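# Chain and residue survey
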Amino acid sequence: MPALRARADTSPEGARLPVRHTVVMAATAYAPLTLTVRRGDSVEWINKHPFPHTVTCAGVFDSQSIAEGARWTYRADRRGRFAYTCTFHPNMNGTLVVT
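The paragraphs below set out a description of the structure included in this document.

All right, on to the overall build of the protein chain then. Counting its secondary structure elements, the protein chain contains zero helices and nine strands. Beginning at the N terminus, the succession of helices and strands in the protein chain can be written as β-β-β-β-β-β-β-β-β. Partitioning the contacts of the protein chain with sequence separation of at least 6, the portion at a separation of at least 24 is 46%. Accessible surface, the protein chain as shown: approximately 5,600 Å² in total, 53% of it carbon and sulfur.

Take a look at the structure:
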């Protein structure tokens, strides 16, 4: 399932405005598995599975339990490559790359 991405608009002064990206949790997978964003963008994870999931990167971010139909948003303020997992389903992994 492809990720939904917002348009990268610019302000009247030409500065890039932050973009909101979407990752979908369906069954025991994140889609997309790897997402690259720019620092300052936000990422919204949406749970489309009947069981709860988490988005957890130890020491960086932790959504706690996300119920079916619920969403969680993280603002990417730190550059790097962040591997994350669902603490309920350890085989469910994804990567967020912040440039």
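On we go from here.
One finds Tyr30, Trp45, Val55, Phe61, Tyr84 and Leu96 to be the most contacted residues of the largest nonpolar core, which totals 20 residues. Taken together, the elements giving at least two residues each to this core come down to β1 (20–26), β3 (34–37), β4 (42–47), β7 (71–75), β8 (80–85) and β9 (93–98). The contact partners of Val55, leaving out residues within four places of it in the chain, are Met25, Tyr30, Trp45, Phe61, Asp62, Ser63, Ile66, Trp72, Tyr84 and Thr85.

A word on unusual backbone geometry. Note that the residue after Ala31, namely Pro32, is joined by a cis bond; omega there is 5 degrees. The topology assignment puts Pro32 in the loop between β2 (29–31) and β3. The phi dihedral of Gln64 is positive, around 65 degrees, even though this residue is not glycine.

Quick look at the pairing of β4 now. In the case of a regular strand, side chains alternate between the two sheet surfaces. Among the six residues that make up β4, six are buried, leaving the element largely enclosed by the rest of the structure. Burial along β4 is two-sided: Ser42, Glu44 and Ile46 and Val43, Trp45 and Asn47, pointing in opposite directions, are all buried. The sheet contact formed by β1 and β4 spans six bridges and is parallel. Bridging from a neighbouring strand, Thr22 pairs with Glu44 of β4. As paired strands, β4 and β7 are joined by five bridges and run antiparallel to one another. From the neighbouring strand, Val43 faces β7, where its bridge partner is Tyr74.

Basis of the calculations
- Position labels on residues start from 1 in each chain and follow its written sequence.
- Restriction of local features to residues with pLDDT of at least 70 applies here, the model being predicted, together with a cutoff of 80 or more for giving and counting side-chain atom pairs; totals for whole chains, interfaces and linings are based on all residues.
- Working from all heavy atoms in the structure, the side-chain values ignore hydrogens and water.
- Under the scheme used here, helices are H or I runs from DSSP no shorter than 4 residues and strands are E runs no shorter than 2 residues, and both carry numbers assigned from the N terminus.
- The contact criterion used is simple: two residues touch if any of their non-hydrogen atoms lie within 4.5 Å.
- In these tables, accessible area is a Shrake-Rupley quantity obtained with a 1.4 Å probe, and a residue counts as shielded only by the protein chains included in the view.
- Only buried residues count toward a nonpolar core. Its members are Ala, Val, Leu, Ile, Met, Phe, Trp, Tyr and Cys residues joined through side-chain atoms within 4.5 Å.
- Only protein chains enter the accessibility calculation, which uses a 1.4 Å probe; a residue is then buried when its area is under 20% of its type maximum, exposed when over 50%, and partly exposed in between.
- At least two DSSP bridges between two strands are needed for those strands to be called paired.

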